[in-house]
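Below, each chain spelled out in residue letters.
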Amino acid sequence: MEQLEFFTVPSPCVGVCSVDDKGYCQGCMRKREERFNWLSMSSAQQLHVLKLCRQRYRRKVSAKTAMQENGEGTPPSSPQQSLFD
């Protein structure tokens, strides 16, 4: 049985709608299907997507840090404020 939610889950969209090489939005880290189906998802599904987005963001940051530590150059940074900081 799904727990009742009293508040809607706000969209994580930050208005940066460009896709990286893995197919994730660079602003919110959602996949195409997650972005298009957001309004038809249940609150539980939306919360799960947010959890996945946080995981994707952390992997991306750790990969960037590893690149910098290995001296492989600095990847271009995004001018957008981070959703997950």
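Our subject is the structure that appears above.
Residues numbered from 1 in each chain as written. Predicted model: local features only at pLDDT ≥ 70, side-chain atom pairs only at ≥ 80, totals over all residues. Heavy atoms only, no water.

(A) Quick peek at the packing of aromatic side chains. Going through the model one piece at a time under the given rule, you end up with 0 aromatic pairs. Lying over the aromatic face of Trp38, Arg30 brings its terminal NZ or CZ to 5.1 Å of the ring centre. The positively charged end of Arg35 is found above the aromatic ring belonging to Phe36, 5.9 Å away from the centroid. (Phe/Tyr/Trp six-rings, centres within 6.5 Å; stacked < 30°, edge-to-face > 60°. Lys NZ or Arg CZ within 6 Å of the ring centre and 35° of its normal.)

(B) Geometry of the pattern of salt bridges. Overall, the coordinates contain 1 salt bridge when judged by the stated rule. A salt bridge links Glu34 to Arg56, with the nearest nitrogen and oxygen atoms 2.8 Å apart. A residue pair is termed long-range when its members are at least 10 positions apart, and Glu34 in helix α1 (residues 32–36) and Arg56 in helix α2 (residues 43–69) qualify at 22 residues. Both residues of the pair, Glu34 and Arg56, count as buried. (Salt bridge = Lys/Arg side-chain N within 4 Å of Asp/Glu carboxyl O. Helix = DSSP H or I, 4+ residues; strand = E, 2+ residues; numbered from the N terminus. Buried < 20%, exposed > 50% of the residue type's maximum accessible area, 1.4 Å probe, protein only.)

(C) Representation of α2. When the terminal C-alpha atoms of α2 are compared, their 39 Å separation across 27 residues agrees well with the 39 Å that a helix rising 1.5 Å per residue should span. Where α2 is buried, its residues touch α1. Once α2 finishes, Gly71 follows within two positions and takes phi at roughly 70°, a positive value. (Expected span 1.5 Å × (residues − 1). Contact = heavy atoms within 4.5 Å.)

(D) Structural detail: unusual backbone geometry. Positive phi, close to 70°, is recorded for Met29, a residue that is not glycine. Assessed through its relative accessible area of 4%, Met29 is described here as buried.

(E) Representation of the environment of Tyr24. By the element assignment, Tyr24 lies in the segment before α1. For Tyr24, a relative accessible area of 18% puts it in the buried group. Linking Tyr24 and Tyr57, residues 33 residues apart in sequence, is a C-alpha distance of 10.0 Å.

Read these as geometric descriptors, not functional statements.
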